[in-house]
Amino acid sequence: MIGDVPYGSDQVARFPAMVSELNEQEELRFVSHLGDIKAGSAQCTDEYFAAIKAQFDRFEAPLVYTPGDNEWVDCHRANNGSYDPLERLDALRSLFFSNPGKTLGANMPVTVPDSDLPENVTFGVQRVAFSVLNVQGSNNSLMPWSGLGLTEPTAAQLEEVASRTAADVEQLERTFADAKATNARAVVVMTQADMFDPFLLRAGAAENPELVSGFQLIVEALAKGSRDFGGEVYLFNGDSHIYNDDSPLAAGSPWLEIYGQDSVDTLRRVTVEGAATSNEWLRVAVQPNSGAGEGVLSWERVPYTAS
C-alpha cells in the first residue's frame, strides 16, 4: 500500500524509481494507492494527471487506486488552478477509470457496485473481503470552494456528496453482509480520508463534531457492519500523512462521542505514511493459517532504496 505520493517536485522526479522498485517485489499480489497523487499546493492540470497515469500504467502488479482530495476536492484553490472540483472529478474518472471493473497496471477483476462511481470497487483475496470507497478529506468535500470565492457549499457540491456517500454506505452494508454470508476471514476497507484524524481532534472535533460531519453516515455504517460481521475489520487510509495503527472506536476513544457510537473492538485502523518527507511503502500480508482473533493481516513498513 502507498498513499499521498508523489508530493512535490523532488518526489515527482523520484516516483518512476519508486514504481520500478515496487515492480521488483515479485511477491506482490496487487498494489493499492490510497489517494493524493500530488501535493495540496500543486496544480490540478490534465498534463500532470496524464504523467501520473503513465507511471500507474507501468505497474506490473494490478493497481487499485482511490482518488484523494488533492486531485479534485481542493482543486478550487488558487494555487491549484481555481478549477471546478466536480469537473476535475469527471476528468479523473475519464482518465483513470475508463475501463470499469479492471484495475490499473496489470489486470485483476474487480466489481464496481455503482456504475456512477467507477472508482469504488470490491474484490476478494484469500477469503478476505476488500471494499474501496471514495471518501474524501476536507470533511468529505463539504468545505466551501473558497478558491472560487464561495463561502458556502453549492447545490451541485452537496448533491455530489450526498449521492457518493449514499453509494459508499450501500457498498459497505453489502460488503459486510456478503462477508458474513460467505464466512470471510476478515473485511478490509480502504479510503483516502482519515475519518479519525488526530489533527481534527486537536482542532476541536470533540467540541465541534461538524468538523467531521461529512463522515458521520460512513462511520455509522462501518461501526454497524463491524458489529454485525463479528470478525476482524481493517481500515486503511491515507490523508493525515503520519503512520498510525490504532482502534479508533474501541472503548475509551474520544471518537465514540464525536460520532455517537457504541464501542467496536474488532475495528483496527492503519494510516499509511505519505507526503513529501515519506520514503516508505507498507507491505501487507494475509496470514494463511490464522484462526479467529489471531490477526488475519500483518504488515511492515518498508523503506525505498531507490534515489
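It should be noted that the structure appears before, not after, this text.
Residues numbered from 1 in each chain as written. Predicted model: local features only at pLDDT ≥ 70, side-chain atom pairs only at ≥ 80, totals over all residues. Heavy atoms only, no water.

(A) Region of the structure containing the side chain of Asn70. With respect to the secondary-structure elements, Asn70 resides in the loop between strand E2 (62–65) and helix H3 (85–96). Residue classification places Asn70 among the buried residues on the basis of a relative accessible area of 5%. One polar contact links Asn70 to Tyr7, side chain to side chain, over a distance of 2.9 Å. A polar atom in the side chain of Asn70 sits 2.8 Å from the backbone oxygen of Lys38. The contact partners of Asn70, leaving out residues within four places of it in the chain, are Tyr7, Asp36, Lys38, Ala39, Gly40, Cys44, Cys75 and Asn80. (Helix = DSSP H or I, 4+ residues; strand = E, 2+ residues; numbered from the N terminus. Buried < 20%, exposed > 50% of the residue type's maximum accessible area, 1.4 Å probe, protein only. Polar contact = N/O pair within 3.5 Å; in protein donor to acceptor, adjacent residues only side chain to side chain. Contact = heavy atoms within 4.5 Å.)

(B) Highlighting unusual backbone geometry. A cis amide bond links Val5 with the next residue in sequence, Pro6, at an omega value of 0 degrees. Positionally, Pro6 belongs in the segment before helix H1 (8–23). A positive phi is found at Ser82, a non-glycine position, where the angle reads about 55 degrees. Secondary-structure assignment places Ser82 in the loop between E2 and H3. Residue Ser82 is classed as partly exposed on the basis of its relative accessible area of 34%. Phi at Gln126 takes a positive value of approximately 50 degrees, unusual for a residue other than glycine. Note that Gln126 resides in the loop between strand E4 (121–125) and strand E5 (128–132). According to the relative accessible area criterion, Gln126 is partly exposed, its value standing at 43%.

(C) Structural view of the pairing of E5. Here E5 lies mainly inside the structure; five of its five residues are buried. Here E5 shows no split at all, with Val128, Phe130 and Val132 on one side and Ala129 and Ser131 on the other all buried. In this structure, the hairpin formed by E4 and E5 is closed by a connection of two residues, where Gln126 is found at a positive phi of approximately 50 degrees. As judged from the five bridges shared by E5 and strand E6 (residues 186–191), these two strands associate in the parallel manner. (Pairing = 2+ DSSP bridges.)

(D) Quick look at the sheet that holds E4. Strands sit in the order E4-E5-E6-E7-E9-E8 across an open sheet of six strands; the sheet is mixed. The open sheet terminates on both sides in strands that have one partner only, identified here as E4 and strand E8 (244–246). Ignoring which end each strand starts from, the neighbouring axes of this sheet average 15 degrees apart. By the bridge criterion, five bridges tie strand E7 (residues 232–237) to strand E9 (residues 267–271) in an arrangement that is parallel. Paired with Asn237 across the two strands is Thr271, which belongs to E9. Across the sheet, helix H5 (residues 155–181) is in contact with E4, E5, E6 and E7; its angle to E5 comes to roughly 175 degrees. Sheet contacts for helix H7 (residues 216–229): E6, E7 and E9; angle to E7, the most-contacted strand, approximately 150 degrees. (Axes fitted to C-alpha atoms, helices over the stretch in contact; angles between N-to-C directions.)

(E) A look at the packing of H1 against helix H2 (residues 46–56). One way to put it is that H1 packs onto H2 with a least axis distance of 10 Å and a crossing angle of 20 degrees. By the angle between their axes, H1 is roughly parallel relative to H2. Crossing of H1 against H2: the hand is right-handed. For the pair formed by H1 and H2, the contact residues are Val12, Phe15, Pro16 and Val19 on the first element and Tyr48, Ile52, Gln55 and Phe56 on the second. (Parallel < 35°, antiparallel > 145°, perpendicular 65-115°, else oblique. Left-handed = near helix turned anticlockwise from the far one by under 90°.)

(F) Quick look at the packing of aromatic side chains. This model, assessed by the stated rule, comprises 15 aromatic pairs. Plain terms: the ring middles of Phe176 and Phe229 are 6.4 Å apart, the flat faces sit at 50 degrees to each other, and that makes the pair tilted. Placement of Phe176 in helix H5 and of Phe229 in helix H7 is noted, with a sequence separation of 53 residues between them. Each member of the pair, Phe176 together with Phe229, is buried. An aromatic cluster of at least three residues, connected via ring pairs, comprises Phe15, Phe56, Phe59, Tyr65, Phe96 and Phe97. (Phe/Tyr/Trp six-rings, centres within 6.5 Å; stacked < 30°, edge-to-face > 60°.)

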